[in-house]
Amino acid sequence: MQIDVLIEHGTVIDPATGRSGKYDVAVKGDRIAGIWKPGTGGGEILRRVNAEGCLVTPGLIDIHAHIFEAVPQMGMKPDTIGIDQGVTTIADAGSSGEQNFPEFLERSVKPSATQVLAWLNISSPGLVEGRSELADMSRLTAESTLQRIAEYPDTIIGIKARMSGSVVKENGIYPLAVAKSVARRAELPVMVHIGNAPPKLEEVLDLLDEGDVVTHAFHGKRGGILDEHGQLIPQAKRALDRGVRFDVGHGSSSFSFATMNKARELGITPYSISTDLYLENWLHGPVYSLTMTMTKFLALGYSMEQIIEWTTAAPAQILRKSEEIGTLKEGTIADISILKIVEQPVELVDSEKETLHYDKLIQAQYTMKSGEIYPCK
C-alpha cells in the first residue's frame, strides 16, 4: 500500500479510541490509513514527518470563536486561529444570522483551509449590527432561520443565543424560548452564552435539553453555576444530569481560575474547552489561542489526556461529527495536530486578571487538515 504521509516517532493521544503511546500515523489521501507500532508499517511511503518529542493528536476543535470579518472590530480570518494555531475545525458562535449567512459562507467558510461550521444566531443579523442583537424582537425570524438551516445542513450545527442583560435588554428569557423552539424543530442543539442577569441563570438552565451547550460556564461573575457558598446551584445540577454540556468559552470576561478550581472540588469538569477568540483577545489577551487555553488547564492540574479529550472527542460529539473528526480512527478524516510541551516560564492570565506562573507551554508545531500539512505560525 502506498502511504502519502507517515507521522512517526511521536506520542499519540487519541481519547476517542483510548489509544495512548508511541505510534506511527499513516495517511493516504484525506484519510487516516492506519495507526501502527513504530516501524511496523509497510508499503511505499512518499513523505515522512518526524514528530519526535511531540504529541500527535486528533485535529483540535474550537466550538466557540468569532470568525466573520463583517462583524466590526471582532471577526477574524478563520485560518489565523485555525490551521495556523493547530486547530482544524472552528465553529463560529453566532456572528451571523439567517440574514447574512450567505455572506458568512463566502467570506469565512469557502476560502478557509480550516473547516468552518456555524452556530446560527437566533437574531437575523447576528452580531453584524451590534452586540445587543436580542433587544429587538422583530429580529427573531423563526421561519427564515429554519429555512437557512434546511439550506445548509452541513455547515449549520446549532443555534446560538446570548443570554446576558446587555444583549436581551427588557426581553428576559423570551429570546431563548424562541431559540429552543427553532432548535427543536430543526433537531439541533442550542449554545447559550451566559453572563450578567437578567435573565437569571436558573431560568436559562431550566429551558435546556440533553446536548445543549452552556458556554462561559466557569465565569467569575455573580449569578453563575456556583452560589455564594461555592456550591452548585440546583438548576445546574439538574441540567448536568439531563445531559446539558458545560463549555469553557474563555473570552475576555468569561473564565475564572477560582471558579474552575471550586467546580473541580465539587467533581465538576468542563465537557469541552473553547476559546471565544475574537480580534481583541487574540491580539491583547488573555486568550491568544486554543493551545494557550489548554496550557491554563495543564497549569491547573488537569492531565494532558483530559485536555485533549475536551478539545477533540468531546467537541466532535457536540458538533455531531464524531464519526468524521475528533479521532485518529482508521478511515476518518486526516485531521491531526502535532503539539509540543515546551519547557519555558509563562504567565497565564484568566478573565479576572488573576495570574498563574507556570513552567510549561503547549505549542502547536504542525496542523494536518484533510491530509494537507501546514506549519503553525
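Residues numbered from 1 in each chain as written. Predicted model: local features only at pLDDT ≥ 70, side-chain atom pairs only at ≥ 80, totals over all residues. Heavy atoms only, no water.

Per an unreviewed UniProt entry, the protein chain is named Amidohydrolase/deacetylase family metallohydrolase, and its organism is Paenibacillus vulneris.

## Looking at the packing of helix 10 (residues 290-299) against helix 11 (residues 304-311)
Taken N-terminus to C-terminus, the directions of helix 10 and helix 11 make an angle of 145 degrees; their axes are 10 Å apart at the nearest point. Note on packing geometry: the crossing formed by helix 10 with helix 11 is right-handed. Facing Leu290, Met294, Phe297 and Leu298 of helix 10, the residues of helix 11 in contact are Met304, Ile307, Ile308, Trp310 and Thr311. Of the residues that constitute the contact of helix 10 with helix 11, the class distribution is eight nonpolar, one polar and no charged. (Axes fitted to C-alpha atoms, helices over the stretch in contact; angles between N-to-C directions. Helix = DSSP H or I, 4+ residues; strand = E, 2+ residues; numbered from the N terminus. Left-handed = near helix turned anticlockwise from the far one by under 90°. Contact = heavy atoms within 4.5 Å. Nonpolar A, V, L, I, M, F, W, Y, C, P; charged D, E, K, R; others polar.)

## Regarding the sheet that holds strand 8 (residues 115-121)
Taken in spatial order, the seven strands line up as 6-7-8-9-10-11-12 in an open sheet, and their pairing is parallel. The open sheet has two free edges, formed respectively by strand 6 (60-65) and strand 12 (245-246), since each of these has just one partner strand. Note: strand 8 against strand 9 (residues 156-163), four bridges, orientation parallel. Bridging across to strand 9, Ala118 finds its partner in Ile156. The strands touched by helix 3 (residues 142-151) within the sheet are strand 8 and strand 9, with strand 9 carrying the most contacts at an inclination of about 145 degrees. Those strands touched by helix 10 are strand 6 and strand 7 (87-97), and its axis lies near 100 degrees from that of strand 6. (Pairing = 2+ DSSP bridges.)

## A few points about the pairing of strand 2 (residues 19-28)
Sheet analysis places strand 1 (residues 5-14) next to strand 2, joined by eight bridges and oriented antiparallel. Residue pairing in the sheet places Ile7 in a bridge with Val25 of strand 2. What sits between the antiparallel neighbours strand 1 and strand 2 is a turn of four residues, in which Gly18 has the positive phi angle 80 degrees. Here five bridges tie strand 2 to strand 3 (residues 31-36), and the two strands are oriented antiparallel to one another. Pairing of Asp24 across the sheet is with Trp36, part of strand 3. With antiparallel pairing between neighbouring strands as the criterion, strand 2 and strand 3 make up a hairpin whose turn holds two residues, including Gly29 at a positive phi of roughly 65 degrees.

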